[in-house]
Amino acid sequence: KHGVLTRKSHADMDGKRTPRGRRGWKKFYAVLKGMILYLQKDEYKPDADISEVDLKNAVRIHHALATRATDYSKRANVLKLKTSDWRVFLLQASSEEEMMSWIFRINLV
Ligand code: I3P
C-alpha cells in the first residue's frame, strides 16, 4: 500500500516525549512493504534505490499498533502509530477511508 501521509513525532524511543523543535508536521510519500513503513521524500518508484534519509525515516511496524487518534482533534483523519520501541507517531491520511485502510493494513502485519 502507498499514499501520502503527514507525520508528527509525539514520542521517541523508550517513550520519551519528542522535544520541541522536532514535533512539527512533515509530509511524506508512504510505502508499506513487508514489515516496514517507508516514509519517503519523493513519490514511490518501484525500482529506485532507497536513499539514506528515507531509510532513516523508515519505521519497523512489526509489533506496532495503529489506532484512530481519538485524543487528537486539531487535524482530521489522524491515526496514532505506537511502535515496538515505544515511539509514537501521529499520521494524517488524505481521507477517512485512507486512514482506516492504513490502520487495517498496519495492524495486519
Ligand atoms: C511543534 C509544531 C507542531 C505542534 C507542536 C509544536 O513545534 O508547531 O505543529 O503540534 O505542539 O511543538 P516544533 O516544530 O518547533 O517542534 P500541533 O500541530 O499538534 O499543535 P505540541 O508540542 O503541543 O505537540
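Residues numbered from 1 in each chain as written. Predicted model: local features only at pLDDT ≥ 70, side-chain atom pairs only at ≥ 80, totals over all residues. Heavy atoms only, no water.

**Student:** Give me the nonpolar core: which residues, what numbers.
**Tutor:** If you look at the biggest cluster of nonpolar residues, it comprises 19 residues, and the most contacted ones within it are Leu-37, Val-59, Ile-61, Leu-79, Leu-81, Leu-91 and Trp-102. Among the elements of the structure, strand E2 (25-33), strand E3 (36-40), strand E6 (78-82), strand E7 (88-92) and helix H2 (96-108) are those that each provide at least two residues to this core. Among the elements that make up this core, the one with the highest residue count is H2 (four residues). Once residues within four sequence positions are removed from consideration, Leu-37 is found in contact with Ala-30, Val-31, Leu-32, Asn-57, Ala-58, Val-59, Ile-61, Leu-81, Leu-91 and Trp-102. (Core = buried A, V, L, I, M, F, W, Y, C linked by side-chain atoms within 4.5 Å. Buried < 20%, exposed > 50% of the residue type's maximum accessible area, 1.4 Å probe, protein only. Helix = DSSP H or I, 4+ residues; strand = E, 2+ residues; numbered from the N terminus. Contact = heavy atoms within 4.5 Å.)

**Student:** Just give me the short version of the sheet that holds strand E5 (residues 65-68), but keep the residues and values in it.
**Tutor:** Taken together, the seven strands give an open sheet; going across it, the order is E4-E3-E2-E1-E7-E6-E5, and neighbouring strands pair in antiparallel fashion. Every other strand in the sheet has two partners, leaving strand E4 (59-60) and E5 as the edge strands with one partner each. Here E3 runs beside E4; their pairing, made up of two bridges, is antiparallel. Paired with Leu-37 across the strands is Val-59, a residue of E4. Strands strand E1 (2-11), E2, E3, E5 and E6 of the sheet are contacted by H2, whose axis makes an angle of about 155 degrees with E5. (Pairing = 2+ DSSP bridges. Axes fitted to C-alpha atoms, helices over the stretch in contact; angles between N-to-C directions.)

**Student:** Outline H2, listing residues and values.
**Tutor:** In an α-helix, one turn spans 3.6 residues, which is why side chains three or four residues apart end up on the same side. Relative to the 18 Å expected for 13 residues at 1.5 Å per residue, H2 spans 18 Å between its end C-alpha atoms, a close match to the ideal helical length. Within H2, the full set of buried residues consists of Met-99, Trp-102, Ile-103 and Ile-106. Within H2, the buried residues cover an arc of 100 degrees as seen down the axis, which keeps them to one side. More than 90 degrees from the buried face of H2, the exposed residues found are Glu-97, Phe-104 and Leu-108. Summarising the contacts, the buried residues of H2 are in contact with E1, E2, E3, E5 and E6. (Expected span 1.5 Å × (residues − 1). Arc of directions from axis to C-beta.)

**Student:** Any chance you could break down unusual backbone geometry for me, citing the residues and the numbers?
**Tutor:** Here the phi dihedral of His-63 falls at roughly 65 degrees; this positive angle occurs in a residue that is not glycine. Relative to the helices and strands, His-63 resides in the loop between E4 and E5. The backbone phi angle of Asn-77 is positive, close to 60 degrees, even though this residue is not glycine. Along the chain, the position of Asn-77 falls in the loop between E5 and E6. The exposure class of Asn-77 is partly exposed, given its relative accessible area of 21%.

Note that every value here comes from positions in space, so none of it alone points to a role or purpose.
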